[in-house]
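Structural features, examined
Chain by chain, the residues run as shown.
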Amino acid sequence: MKNMIHPASAYQALESGQRRTLFTLFGVPWTATGESWRFIASRLFAGIAAAFIFLRTIPFGERLVYGLLFGLLLGLSNFLHILGHFISGKLAGAAMDENLVTPYSILTAYHEDPAEVPGRLHLARAAGGPLATLLLALASLAAWRLLGGPAWGFLAAANGLLFAMVILPLPGADGQVIWRELLRSSPDPRRAE
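Below is a short write-up of the structure. (Residues numbered from 1 in each chain as written. Predicted model: local features only at pLDDT ≥ 70, side-chain atom pairs only at ≥ 80, totals over all residues. Heavy atoms only, no water.)

Concerning the overall build of the protein
Put simply, the rule is: Secondary structure counts use DSSP, requiring at least four H or I residues in a row for a helix and at least two E residues in a row for a strand, with both numbered from the N terminus. Relative accessibility under 20% of the residue-type maximum defines a buried residue, over 50% an exposed one, and the middle range a partly exposed one, all with a 1.4 Å probe and only protein chains included. We call two residues in contact when some of their heavy atoms are within 4.5 Å. Only the protein chains shown count as covering a residue, and every accessible area follows the Shrake-Rupley method with a 1.4 Å probe.
Each helix and strand counted, the protein has six helices and four strands in total. Going from the N terminus to the C terminus, the protein shows its helices and strands as α-β-β-α-α-β-β-α-α-α. With 193 residues in all, the protein has 39% of them scored as buried. Nonlocal contacts in the protein, meaning residues at least 24 apart in sequence, comprise 60% of its contacts between residues at least 6 apart. Carbon and sulfur atoms form 67% of the exposed surface of the protein, whose accessible area is close to 11,500 Å².

Digging into the sheet that holds strand β1 (residues 20–25)
As a reminder of what qualifies: Here, a strand pair is defined by DSSP locating no fewer than two bridges between the strands. Helix axes use the C-alpha atoms of the stretch in contact, all axes being lines fitted to C-alpha atoms, and the angles between their N-to-C directions lie in the range 0 to 180 degrees.
The sheet built from four strands is open, its strands ordered β1-β2-β3-β4 with mixed pairing. In the strand order of this sheet, the two ends are held by β1 and β4 (106–109), each with one partner. The average undirected angle you get between the axes of adjacent strands in this sheet is 25 degrees. Note: strand β3 (residues 98–101) against β4, four bridges, orientation antiparallel. By the bridge assignment, Leu 100 is partnered in β4 with Leu 107.

Examining helix α5 (residues 150–166)
To be explicit about the condition: For a helix, the expected span equals 1.5 Å multiplied by the number of residues minus one.
Here α5 spans 24 Å end to end across 17 residues, near enough to the 24 Å set by a 1.5 Å rise per residue. Of the positions making up α5, those classed as buried are Ala 151, Gly 153, Phe 154, Leu 155, Ala 156, Ala 158, Asn 159, Leu 162 and Val 166. Residues of α5 that are buried sit in contact with α2 (37–54), α3 (60–92), α4 (119–147) and α6 (174–185).

With respect to the packing of aromatic side chains
For clarity, the cut-off: Each Phe, Tyr or Trp ring (for Trp, its six-membered ring) is paired with any other whose centre lies within 6.5 Å, and the angle between the two planes then decides the class: stacked below 30 degrees, edge-to-face above 60, tilted in between. Comment: the charge-over-ring label is applied if NZ (Lys) or CZ (Arg) is within 6 Å of the ring centre and within 35 degrees of the ring normal.
Across all of its chains, the model carries six aromatic pairs by this definition. A centroid spacing of 4.2 Å and a plane angle of 5 degrees characterise the contact between Phe 70 and Phe 154, whose relative ring orientation is stacked. Pair noted here: Phe 70 is in helix α3 and Phe 154 is in helix α5, with a separation of 84 residues, a long-range link. Aromatic rings pair up to connect Phe 23, Trp 30 and Phe 79 into one cluster. Just above the ring of Tyr 110 sits the side chain of Arg 125; from NZ or CZ to the centre is 3.7 Å.

Structural notes on the nonpolar core
Operational definition: To define a nonpolar core, start from buried Ala, Val, Leu, Ile, Met, Phe, Trp, Tyr and Cys residues and group those joined through side-chain atoms within 4.5 Å.
The biggest cluster of nonpolar side chains holds 12 residues, and these are Ala 50, Ala 51, Leu 55, Ile 58, Phe 70, Leu 73, Leu 74, Leu 136, Ala 151, Phe 154, Leu 155 and Ala 158. Within the residue set of this core, elements represented by two or more residues are α2, α3 and α5. If we skip the residues at most four places from it in the chain, Phe 70 touches Gly 47, Ala 50, Ala 51, Leu 55, Pro 150, Ala 151 and Phe 154. One finds Trp 30, Phe 39, Ile 82 and Met 96 within the second-largest nonpolar core, a separate group that totals 10 residues.

A short note on the pattern of salt bridges
Put simply, the test is: Counted as salt bridges are all cases of a side-chain nitrogen of Lys or Arg within 4 Å of a carboxyl oxygen of Asp or Glu.
Evaluation of the coordinates by the stated rule reveals four salt bridges. Between Arg 38 and Glu 35 there is a salt bridge, with its nearest N and O atoms 2.8 Å apart. Residue classification places Arg 38 among the partly exposed positions, given a relative accessible area of 24%. The class of Glu 35 is buried, set by a relative accessible area of 16%. Close ionic contact of Arg 180 with Glu 181 constitutes a salt bridge, the shortest N to O distance being 2.9 Å. What makes Arg 180 partly exposed here is its relative accessible area of 33%.

Things to note about the pairing of strand β2 (residues 28–32)
Of all the five residues making up β2, four are buried; the element is thus mostly covered by neighbouring parts of the structure. Sheet topology note: the β1/β2 ladder contains five bridges and is antiparallel. Bridging across to β2, Thr 24 finds its partner in Pro 29. The turn joining β1 and β2, which pair antiparallel and follow one another in sequence, is formed by two residues; a positive phi near 55 degrees is taken by Phe 26. Across three bridges, β2 lies against β3 in parallel orientation. Looking across to β3, one finds that Thr 31 is bridged to Leu 100.

In structure tokens form, the structure reads like this:
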């Protein structure tokens, strides 16, 4: 537990170099801390729990396999969410420099940002992740309606829930940045009077 990185200090790992490169995708390194294995383990655990809660009518072994699949789909969903941030940042002209997998989440880093980043860039980068998650939820829902199967249903539900969570204006969520920038850029109706 001595080297465990807590959410509040996860950004310190970006600053201190307490990470190693896992792979590079589109020129952006994906790095990890010594405790990043907990990120995958927590997704697998959540997937297994979901399978045992929602697939009660199928045999134990099959539920376990579905649970592992659900866990992998959660990890894939997180990856695609971050890819959405990458694409929107690239389109806005302010791409990310690194993705750090911590025990709790994947942090996006923008090392080359100037001291003052325009609100439109913050908004564009923040919106890409939720948009990717929403598109994945809708595509999965369509596949589930067309093909059926627990995996499609789980992927649709998990991404619908993830979208609802990240769009909220809570600290650490994309919604905090999105709503802050939208409210900042909207004209104040009181000023017109």
